[in-house]
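Here is what each chain is made of, one letter per residue.
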Amino acid sequence: MMFKNTFRLFCANFDKVWKYLVYQLLCWGIVFAFLAPFYGIISSSIVGAWESQNLSTFFSTGTFYGINILQAFSSIVNAIIMFFELMFKANLFCGIYFLIIIVLIRPILTGVGRYTICEMMYGYMSSCSKTSFTGRLLGTLKKSLPYACMRALYSMVFDALIVISFFGLTRVTAEWFVYVLPIAIVLIPAIFLALKETFIAGWAPAMIVFDDNVFSAYKKGMIAVLRRGGKVYSTAFVIFVLALVLAMIIGLYSLIIILPCIFPLLNIFEMVAFFSSQGMRFYVDADTIKSPKKLEEIDKIEKAKYLL
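Reference entry: report on the structure contained in this document. This is a predicted model, so every value here is computed, not measured.

Two faces belong to every sheet, and in a regular strand the side chains alternate between them. The pairing of strand 1 (residues 282–285) with strand 2 (residues 288–290) spans 3 bridges and is classified as antiparallel. Bridge pairing in strand 2 links Phe 282 to Lys 290. As consecutive antiparallel partners, strand 1 and strand 2 are separated by 2 residues.

Summed over all chains, the structure comprises 8 salt bridges. Across the pair Asp 15 and Lys 130 runs a salt bridge, and its minimum N-O distance is 3.6 Å. Note that Asp 15 is positioned in helix 2 (residues 15–35) and Lys 130 in the loop between helix 6 (92–127) and helix 7 (133–139), a separation of 115 residues in sequence. With relative accessibility at 47%, the residue Lys 130 sits in the partly exposed group. Note that Arg 136 is salt-bridged to Glu 119, the shortest N-O span being 3.3 Å. A residue pair is termed long-range when its members are at least 10 positions apart, and Arg 136 in helix 7 and Glu 119 in helix 6 qualify at 17 residues.

Looking at the element boundaries, Tyr 20 is found in helix 2. Look past the residues within four positions of Tyr 20 in its chain and what remains in contact with it is Thr 110, Gly 113, Arg 114, Ile 117, Pro 260, Phe 263 and Pro 264.

The subject of this paragraph is helix 3 (residues 39–53). In this model helix 3 runs 21 Å from its N-terminal to its C-terminal C-alpha over 15 residues, within 8% of the 21 Å that 1.5 Å per residue would give. Of the residues flanking the end of helix 3, it is Asn 54, one or two places downstream, whose phi is positive at about 50 degrees.

Conventions adopted
- Residues numbered from 1 in each chain as written.
- Predicted model: local features only at pLDDT ≥ 70, side-chain atom pairs only at ≥ 80, totals over all residues.
- Heavy atoms only, no water.
- Pairing = 2+ DSSP bridges.
- Helix = DSSP H or I, 4+ residues; strand = E, 2+ residues; numbered from the N terminus.
- Salt bridge = Lys/Arg side-chain N within 4 Å of Asp/Glu carboxyl O.
- Buried < 20%, exposed > 50% of the residue type's maximum accessible area, 1.4 Å probe, protein only.
- Contact = heavy atoms within 4.5 Å.
- Expected span 1.5 Å × (residues − 1).

That is the geometry; function is a separate question.
Here's what the structure looks like:
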């Protein structure tokens, strides 16, 4: 049901996808501006890594599946490793600076936009009203910036697990593993990403609904969402699996379409998960209001003290 309501809200608010896409382009413009002083080192490192692994042969068809998937996946991972090796050897400060911008600054900028989407969805779901993206972005910076910073730091643990697992997959040399790899590439990141989403799904909604600070809102949001933790995790898992499968079947170039859509979809899912777990009524479109079960209907007696 969460997936269905999320998809209906996504279709009814598709204008937010375009607004968020424009915001993401601006964010990448800021990132490129920060990296511009080291353009020569970064570009030469990219070219060197690309040519050393001959990546053009894997991207020429626009696909990422078939009998050469192990070779393609290993080459991409090796190219990323070589890129960082070349960059750090050329200029140590540039390598550290690049990591700070990509691993910390860019996620913070993204997090501000994601909080803004949640704010806009709260207005739509509670009163079927639509607000300006720019207005909400500027009006909520006092809350969105702390949220984005803490979320970026929190996500590093799960992102590190995904990176380590991908590196481990490329080091398996058994011949039979080539048949298992396509499944592993989908399931392993989906498992970790869904787990991360489950623990942070209620964070931004709790800040918005309860007008709370970033620290206490995390606890309240997690308590609320974990009331339906199994459903939240399974729905998030399905969303990530579908996105990864589409990327593998249609091709890596499909990420141009998938990535701008997946983040607003996840923000809408977070709001749906929170509203549903709290038993709050919400609009799924202009003519339909959903009425989830009230807290007293889904909570056990021993959990009554946790009612928010």
